[in-house]
Amino acid sequence: MNAGSVNSGGSVLLLVLLLLPLIGALVVAPMKENPRLARLVALGFALVELVITAITWLSYSVADAASGTRFQFELSVPWIPAFGTRFALGIDGIALVMLALIAVLVPIVMAFSWEEKLPEGRTRSGFFALLLATQGLLVGVFAATDVFLFYVFFEAMLIPMYFMIGRFGGPRRQYAAVKFFLYSLLGGLIMLASVIGLFVASGEQLGQGTFTWTELQRMAASLPESTQIWLFLGFFVAFAIKAPLVPFHTWLPDAGAEAPVGAGVLLVGVLDKVGTFGFLRYCLPLFPLASQQLAPLVLTLAVIGILYGGLLAVGQTDMKRFVAYTSIAHFGFIALGIFAFSTQAFAGSTLYMVNHGISTGMLFIVVGLLIARGGSRLVTDYGGVHKLAPLLAGTFLLAGLSSLALPGTNSFVSEFLVLVGSYPREPVYTILATVGIIFAALYVLWMYQRTMQGPVRGAAVLGALERAVPTAASAGGSTSAGGPGTMLDPGVAAKRGGSGFPDLSKREIGVLTPLIVLIVLLGFFPGPVLDVINPSVVATMNEVGLTDPVGGQSR
């Protein structure tokens, strides 16, 4: 199939990818009285979406992208002719890998959430319907090639995530959901002002206003720098909130901590990537002069985020907030690569978005499994878990090592490309960013040591064991007081571990296995993904109008 042809079957693929999860959400939502059927139907929709995404990946032509085809699988029909708005879809290599990430994570999240305890009065069908709705709207965000259509999806995707946090989250879920929504809505409103300004500017430059990405990009070089700066800032604030970059980050620790684990995986794994995707798709190509002029500001925020996020992650006592702060540090690396202006750094940042979604998604799931067993998010309530649940401890370690970019794991390749690609143009910022690698090793290994190593201890672990075998307290000394300092005799722990604090079940192993495979596979064989990404980052580099300081693509 000629994937670059507007009239080919490929144009239908993106529409199907967009509509299928939304239809699935409408089908699943009414199934309140039959949660088992709701789960099966939702998972069926997600798996069909995964298959269609795989077909899209295989149909995508890297040769066409390298020869200058900016978007493939294009579909464009009039939407609001009076405003020059079209329902226009199309993807490049950057958008394709993000669509693949969503398609992989959603079935995994559903399998994890299969038996997850929900707040009283909440239904399984409602939660799974919101997952599907989030997936469909995210497809729209990454596939839109009309700026106004992108804005609509950008705002609409907040709604299902707001309800997932506010209705299915932790004790402070209402506060976290409102904070998430208000921050994102404020950023969206600021971006709307720039979207309108861009439409007005296009009318002055082209004789007729338009929201079409390709036409706006063609006029970018003729747009005055002062105008570009103002328009850039509107987009940048919205994307910096979403990414999130310091100091726009404060909503994420609250939202990540209170969101149910499945929603948290999509929040930190995919939804946050809309911000960094926006930098690459909109800020750089549409406002090249402003991007170059304001790059030092963004790089400063990126490095601050790397160091600040790492330091706060070290000191966290809440495991879910710990994952959120590690993400803030990782997004600093992604932003560094984007605003260093080299194809290697661009490719590294794009690959980093994918790898972060995999490694942090797995870390979030493992933390969720730990919390499900102990009933507490506090780090001090756990200790010696490896004696009771060695597989759980091992997956925690693997996810952590991937997060700190250990060689041989997926994140190492992307972080290495970011640093190597950033150094020729921005050596000072790159050197400062490398300090974040030290912080990453510190916060990951210290978290693992505190929760997984040493004697069996902590209120959550001991409480789980006591609930399983209440009469055994006398065998290992009194543990009724619990507390992080309380320890249990290893022999007693071994007798209780099978029921009180179980290791991974077959379903949980099945949930984690695809992520483990991807961590290892992309750690040793990133080439197929980079082959898809490279033509698009080269095109972005050309649109920015700078020469590549590295002089080569990433393989």
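Going along each chain's sequence as written, the residues are numbered from 1 onward. It should be noted that, the model being predicted, local features are given only for residues of pLDDT at least 70 and side-chain atom pairs only at 80 or more, the latter also being counted only at that level, while totals for whole chains, interfaces and linings use all residues. Here the side-chain values reflect all heavy atoms present in the structure, with hydrogen atoms and water set aside.

A. The arrangement of the nonpolar core in detail. Counting 195 residues, the largest nonpolar core has Phe-142, Phe-235, Phe-339 and Phe-501 as the members making the most contacts within it. Only DSSP runs of H or I covering at least 4 residues are called helices, and only runs of E covering at least 2 are called strands; the numbering of each starts at the N terminus. Ranked by residues supplied to this core, first place goes to helix α16 (residues 343-374) with 16 residues. Any two residues whose heavy atoms approach within 4.5 Å at even a single point are treated as in contact. Look past the residues within four positions of Phe-142 in its chain and what remains in contact with it is Gly-90, Ile-91, Ala-95, Met-98, Leu-99, Ile-102, Val-270, Val-274, Phe-277 and Arg-281. Note on terminology: a nonpolar core comprises buried Ala, Val, Leu, Ile, Met, Phe, Trp, Tyr and Cys residues joined through side-chain atoms within 4.5 Å. Summary of the burial criterion: residues with accessible area below 20% of their type's maximum are buried, those above 50% are exposed, and those between are partly exposed, where the area comes from a 1.4 Å probe applied to protein chains only.

B. Just helix α15 (residues 319-338), in detail. Between its first and last C-alpha atoms α15 spans 29 Å; for 20 residues at 1.5 Å apiece the expected length is 28 Å, and the two agree. Summarising burial for α15: 19 of the 20 residues are buried, a large majority. Think of a polar contact as two N or O atoms within 3.5 Å of one another; within protein, one of them needs to be a possible hydrogen donor and the other a possible acceptor, and neighboring residues in sequence only count if both atoms come from side chains. Looking at where α15 begins, the residue whose side-chain oxygen comes 2.9 Å from the main-chain nitrogen of Lys-320 is Asp-318. A helix is expected to span 1.5 Å multiplied by its residue count minus one.

C. Region of the structure containing the pairing of strand β2 (residues 85-91). Where burial is concerned, most of β2 is hidden: six out of the seven residues are buried. DSSP bridges decide pairing: two strands pair if at least two such bridges lie between them. Note that strand β1 (residues 72-80) and β2 share six bridges and pair antiparallel. Within β2, the residue paired with Val-77 across the bridge is Phe-87. The antiparallel pairing of β1 with β2 creates a hairpin that spans four residues between the two strands, and Gly-84 there sits at a positive phi of about 70°.

D. Broad picture of the packing of aromatic side chains. The pairing test for Phe, Tyr and Trp rings, Trp by its six-membered ring, is centres within 6.5 Å, and the orientation test on the planes gives stacked under 30 degrees, edge-to-face over 60, and tilted for anything in between. Here the structure, examined in full by the defined rule, presents 31 aromatic pairs. Taking the centre distance of 6.2 Å and the plane angle of 70° together, the rings of Trp-114 and Phe-128 count as edge-to-face. Taken together, the positions of Trp-114 in the loop between α4 (93-112) and α5 (124-143) and Phe-128 in helix α5 put the pair 14 residues apart, joining distant regions of the chain. Relative accessible area serves as the criterion here: at 0%, Phe-128 is assigned to the buried category. Judged by centre distance (5.4 Å) and plane angle (50°), the ring pair of Phe-235 and Phe-287 falls under tilted. Taken together, the residues span a long stretch of sequence, with Phe-235 in helix α10 (residues 225-242) and Phe-287 in the loop between α13 (273-286) and α14 (288-314) at a distance of 52 residues. Side by side, Phe-235 and Phe-287 carry an identical accessibility label, which is buried. Every member of this aromatic cluster is reached through a ring pair, and the members are Phe-150, Phe-154, Phe-232, Phe-235, Phe-236, Phe-239, Phe-279, Tyr-282, Phe-287, Phe-339 and Phe-341. Over the ring of Phe-71 we find Arg-70; its NZ or CZ atom is 5.4 Å from the centre of that ring. Positioned above the aromatic ring of Phe-154, the side-chain terminus of Lys-242 is 5.3 Å from the ring centre. Here, a charge over a ring is recorded when the distance from Lys NZ or Arg CZ to the ring centre is within 6 Å and its angle to the ring normal is within 35 degrees.

E. Seen up close, the packing of helix α8 (residues 173-206) against α10. Each axis is a line fitted through C-alpha atoms, and for a helix only the stretch in contact is used; angles between axes span 0 to 180 degrees, taken between their N-to-C directions. In contact at an axis separation of 8 Å, α8 and α10 are set at 160° when each is read in the N-to-C sense. Classified by the angle their axes make, α8 and α10 are roughly antiparallel. Here α8 and α10 pass one another in a crossing that is left-handed. Along its contact with α8, which presents Phe-180, Tyr-183, Ser-184, Gly-187, Gly-188, Ile-190, Met-191, Ser-194, Val-195, Gly-197 and Leu-198, the element α10 presents Trp-230, Leu-231, Gly-234, Phe-235, Val-237, Ala-238, Phe-239, Ile-241 and Lys-242. A class-by-class count of the residues in the contact of α8 with α10 yields 13 nonpolar, six polar and one charged. When an angle is under 35 degrees it counts as roughly parallel; over 145 it counts as roughly antiparallel; between 65 and 115 it counts as roughly perpendicular; any other value is oblique. Helix crossings fall into two classes, left-handed where the near helix is turned counterclockwise from the far one by less than a right angle and right-handed where it is turned clockwise. In this count, Pro and Cys sit with the nonpolar residues alongside Ala, Val, Leu, Ile, Met, Phe, Trp and Tyr, while Asp, Glu, Lys and Arg are called charged and the others, Gly among them, polar.

F. Fine view of the pattern of salt bridges. For this analysis, a salt bridge means a side-chain nitrogen from Lys or Arg found within 4 Å of a carboxyl oxygen belonging to Asp or Glu. Summed over the entire model, instances satisfying the criterion amount to 10 salt bridges. Across the pair Arg-281 and Asp-92 runs a salt bridge, and its minimum N-O distance is 2.9 Å. A residue pair is termed long-range when its members are at least 10 positions apart, and Arg-281 in helix α13 and Asp-92 in the loop between β2 and α4 qualify at 189 residues. Overall, the relative accessible area of 2% leaves Arg-281 in the buried class. Overall, Asp-92 belongs to the buried group, its relative accessible area being 1%. Across the pair Arg-172 and Asp-254 runs a salt bridge whose closest N-O atoms are separated by 3.7 Å. You can see Arg-172 sitting in the loop between α7 (158-168) and α8 and its partner Asp-254 sitting in helix α11 (residues 251-258), a full 82 residues away along the chain.

G. Inspection of the side chain of Ser-202 at higher detail. Structurally, the position occupied by Ser-202 is in helix α8. Ser-202 sits in the buried class, given a relative accessible area of 0%. Engagement of the side chain of Ser-202 in a polar contact is seen with the backbone oxygen of Phe-199, the distance being 2.6 Å. Residues within four places of Ser-202 in sequence aside, it is in contact with Gly-207, Gln-208, Gly-209, Thr-210, Leu-216 and Met-219.

H. Local environment of the layout of surface pockets. A 1.4 Å probe that fits into a set of points on a 1 Å grid over the protein atoms alone but cannot get out defines a cavity; an open set with protein on both sides within 12 Å along at least five of seven lines defines a pocket, and lining residues are those with an atom within 4 Å of a point. Grid points are joined across faces, edges and corners, and a volume is the space filled by probe spheres set on the points. Considered as a void within the structure, the largest pocket measures approximately 720 Å³ in volume. In terms of lining residues, the largest pocket is bounded by 28 residues, among which Glu-116, Lys-117, Gly-368, Ile-371 and Ala-372 are the most central. Taken together, the elements giving at least two residues each to the lining of the largest pocket come down to α11, α16 and α23 (506-524). Element by element, the count of residues in the lining of the largest pocket is highest for α16, at five residues. Of the residues in the lining of the largest pocket, the class split is 13 nonpolar, six polar and nine charged. Volume-wise, the second largest pocket comes out at about 400 Å³. As for the second largest pocket, its lining consists of 17 residues, of which Trp-57, Ala-100, Val-104, Leu-518 and Val-529 are closest to the centre. Among the elements of the structure, α2 (35-59), α4, α16, α23 and α24 (527-544) are those that each provide at least two residues to the lining of the second largest pocket.

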